[in-house]
Amino acid sequence: MVNYVNQEAFFDWYDSVSKAAHTDKSTLLSELFNRYCQTGEEHYTLSAAQTKSGQEESFSFRFENIGCCGASTVFIYF
């Protein structure tokens, strides 16, 4: 189970820097989680081509996995 804390801050940042039209928020969070799983990096980065400024932009977050008795509960804090 993945729990997102203060995700509105992330959405606000994304909307302010991304060239992309409105993106589905659940899809965006899934992409962030998948990128973390692949890279282990606690930041979400948009390439220069994806941003309004034409420069690479990143947003940091904190990942915490609280496991107990074989269960896994993940928190992502923005």
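Residues numbered from 1 in each chain as written. Predicted model: local features only at pLDDT ≥ 70, side-chain atom pairs only at ≥ 80, totals over all residues. Heavy atoms only, no water.

Trainee: An account of the packing of aromatic side chains is requested, with residue identities and associated values reported.
Mentor: Counting across every chain of the model gives 17 aromatic pairs. Relative to Tyr44, the ring of Phe10 has its centre 5.3 Å away and its plane inclined at 80 degrees; by these criteria the two rings are edge-to-face. Taken together, the residues span a long stretch of sequence, with Phe10 in helix 1 (residues 7-17) and Tyr44 in strand 2 (residues 43-46) at a distance of 34 residues. Of the two residues examined, Phe10 and Tyr44, each falls in the buried class. Look at Phe10 and Phe59: their rings are 5.6 Å apart centre to centre, the planes differ by 65 degrees, and that puts the pair in the edge-to-face class. In this pair, Phe10 sits in helix 1 while Phe59 sits in strand 3 (residues 57-60), placing the two residues 49 residues apart along the sequence. Overall, the relative accessible area of 0% leaves Phe10 in the buried class. Phe59 gets classed as buried once you look at its relative accessible area, which sits at 16%. (Phe/Tyr/Trp six-rings, centres within 6.5 Å; stacked < 30°, edge-to-face > 60°. Helix = DSSP H or I, 4+ residues; strand = E, 2+ residues; numbered from the N terminus. Buried < 20%, exposed > 50% of the residue type's maximum accessible area, 1.4 Å probe, protein only.)

Trainee: Lay out helix 2 (residues 25-39) in plain terms, naming residues and giving numbers.
Mentor: For helix 2, with 15 residues, the first-to-last C-alpha span of 21 Å sits near the 21 Å given by 1.5 Å per residue. Here helix 2 has its buried residues at Leu28, Leu29, Leu32 and Tyr36. Considered in projection along helix 2, the buried side chains sweep an arc of 100 degrees and stay on one side of the axis. Packed against the buried residues of helix 2 are strand 1 (2-5), helix 1, strand 2, strand 4 (62-68) and strand 5 (71-77). Just downstream of helix 2 lies Gly40, where phi reads positive at about 75 degrees. (Expected span 1.5 Å × (residues − 1). Arc of directions from axis to C-beta. Contact = heavy atoms within 4.5 Å.)

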